[in-house]
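Tertiary structure, described
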Amino acid sequence: MSIRRLPETLVNRIAAGEVVERPASALKELVENAIDAGAQTIYIRLGAGGLDLVEVTDDGCGMDAGEIALALERHATSKLPDDNIDQVLTMGFRGEALPSIASVSKFSIESRVRGGEGWSHIVDHGQLVSEGPAAIPPGTRVRVENLFANIPARRKFLRSPRAEYAAALDAVRRLAMARPDIGFTLEHDGRRTLTVQPGMDRPERVAALTAPELAENSVGLDFQREGIRLGGIASLPTYNRGVADHQYLFVNGRPVKDRLLVGAVRGAYAEMLARDRHAVVALFLDVPPSEVDVNVHPAKTEVRFRDPALVRGMIVSGLRHAIDQAGFRSVQRPAEAALANWQQEPVGTSQGAFFIPSTLGEGQRDLAVWPPSRSGAGSDGDVTSSLRSSHPDPSRMREGLGAFAEDLSSFAAPLMGRAETATEAVPEAVHHPLGVARGQVAATYIVAEAEDGLVIVDQHAAHERLVLERMRAATAQGRVATQGLLVPEVVELEETACDRLEARLAEFADLGLEIERFGPAAMLVRSVPALLGTKDVQALVRDLADDLAAYDEAISLRERLDHVAATMACHGSVRAGRVLSVAEMNALLREMEVTPHSGQCNHGRPTWVKLALGDVEKLFGRK
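Here's the deal with helix α14 (residues 459-477)
- With 19 residues, α14 should cover 27 Å at 1.5 Å per step; its first-to-last C-alpha distance of 27 Å lies within 8% of that length.
- Buried residues dominate α14, accounting for 14 of its 19 residues.
- Looking at where α14 begins, the residue whose side-chain oxygen comes 3.2 Å from the main-chain nitrogen of His460 is Asp458.
- Once α14 finishes, Gly478 follows within two positions and takes phi at roughly 70°, a positive value.

Shown next, in the form of structure tokens:
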């Protein structure tokens, strides 16, 4: 078979296969062109998820007739004024998008420069159909219809309109995050689904495009190192999602998808998120153009950093620093579903009768109703006598309600709350963000009164985080206190588990846990960290073996140490079910206020929630 030069139409179709994978790909290219044209507002219309229609209208600089014709030729662009491709500052630069899209669809473009006349071109699958004047305001309108209609082999691989629309919405959302100074409007099948106004700041724009509550449950980033700047916002560890789809990375204003981001975010949130939960982040990297290569993917969705280790380290340290600054913050408001579970006591009748269970007999009902009816009172002067005559005698009430009181004990739930008389003056709540302890519920939850509401603390989750942070601090200073066992304890395990533990003896020693091999299928524990005590050494060693089996080679030494410390902290913390004194509860609250990351436990769950005073008033109908 001899080598031949491919025809222009086939070349464009091959290029379209690289650049135009689906309607969202075409939409992304058109919106990027609008951004590079200096648009302030971009209006997008989709039909059937982009399968039938993709239309992008902008108010950018526009093009004249000659520039429109040139733009439809391959490798023609205004974005590279010279041949230095290493200094690309625009969204696009290849000059392939418009001719590639026009070769696989019915394509029309109308444009007008300010002070000039509008002009249009219509291209049907690579063939120019017509051109002529167009009535259009300054800017550009591009319309793509029936994408891949003449290429059934490509069309059949497209997904449903709903799935294609989801991909297009994600593309618009990412571009809108990258440029908060530009307004975006998206309309799908005649229904407006996304609108953001121009001139927003980054946190406001990100929250508008993800979730409004993110603004209250996130921290800002502003970090700089070796000419690279990292900005953006990151959610508190207690505000998380079940998938990593809400993690966004922008490099020099360009949205990119990079596995580097997923690994860096996971490393930064290590021991603050459960294994199946993911943080919500939007990170903006400003990198010198010479330090990043954007010409590594036809769709420009990937980049290559000259020093990826520096970038990853910067993301991890920047996120950790921002989260550290959050201190004990946690997601503030309880879930709406939780608030809905609060039950109001049944109200009385219009006469003010108390709630009376249906199990009472008639005589008991008469005794239980108070105040009595005033229907028999002839005048205001008779009220006193009427009340005196109708008021039941206390001895009769005790006698009549005796059986009822016994019945109550059969269906009344036991009280689970506990309060302790304070031996000292109770401190003022205004001086403490987490308030002062007022009692304990179910021997698990501390109830505290703050200046602006009611704080409920999970004592086990909170103390677990405090123990972990103490161990980290002690490890960093190289002085973890140990407690020797009077009688060394033997823990029997599988031989493979013993092998994994034996390979990490030095790491365990750094954390105050001294163990050694004791035969082929057992480990001997000689001492444990003093912070943990000696409550359940067997369970501790088994859990450590399980953690090493799951994570051993996949993570760094530092991360392994964090996993080990977290497992130890879980075993050494105050357990649910332990009764605490008021002094112990207040001491726990005070330490939480000065300990970083104390708003979430080692598994990513919140350690405390606040029921604002306004919410309490709503529950009682005061608001």
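Brief notes about helix α8 (residues 259-268)
- Every buried residue of α8 is listed here: Leu260, Leu261, Ala264, Val265, Gly267 and Ala268. End-on view of α8: buried residues confined to an arc of 160°, all on one side of the axis.

Some words on the packing of aromatic side chains
- Summed over all chains, the structure comprises one aromatic pair.
- Ring plane angle 10° and centroid distance 4.6 Å describe the contact between Phe250 and Phe284, whose orientation is recorded as stacked. Here Phe250, found in strand β12 (residues 247-251), pairs with Phe284, found in strand β15 (residues 281-286); they are 34 residues apart in sequence, far enough to count as distant.
- Classification of Phe250 as buried rests on a relative accessible area of 1%.
- With relative accessibility at 3%, the residue Phe284 sits in the buried group.
- Over the ring of Phe284 we find Arg202, and its NZ or CZ is 4.1 Å from the ring centre.

As for the environment of Ser105
- Position of Ser105 relative to the elements: it lies in the loop between α4 (97-102) and β3 (106-112).
- What makes Ser105 buried here is its relative accessible area of 0%.
- Separated by 46 residues in sequence, Ser105 and Ile151 place their C-alpha atoms 9.4 Å apart.
- In contact with Ser105, not counting residues within four places along its chain, are Val123, Asp124, His125, Val144, Glu145, Asn146 and Leu147.

Calculation notes
- Residues numbered from 1 in each chain as written.
- Predicted model: local features only at pLDDT ≥ 70, side-chain atom pairs only at ≥ 80, totals over all residues.
- Heavy atoms only, no water.
- Helix = DSSP H or I, 4+ residues; strand = E, 2+ residues; numbered from the N terminus.
- Expected span 1.5 Å × (residues − 1).
- Buried < 20%, exposed > 50% of the residue type's maximum accessible area, 1.4 Å probe, protein only.
- Polar contact = N/O pair within 3.5 Å; in protein donor to acceptor, adjacent residues only side chain to side chain.
- Arc of directions from axis to C-beta.
- Phe/Tyr/Trp six-rings, centres within 6.5 Å; stacked < 30°, edge-to-face > 60°.
- Lys NZ or Arg CZ within 6 Å of the ring centre and 35° of its normal.
- Contact = heavy atoms within 4.5 Å.

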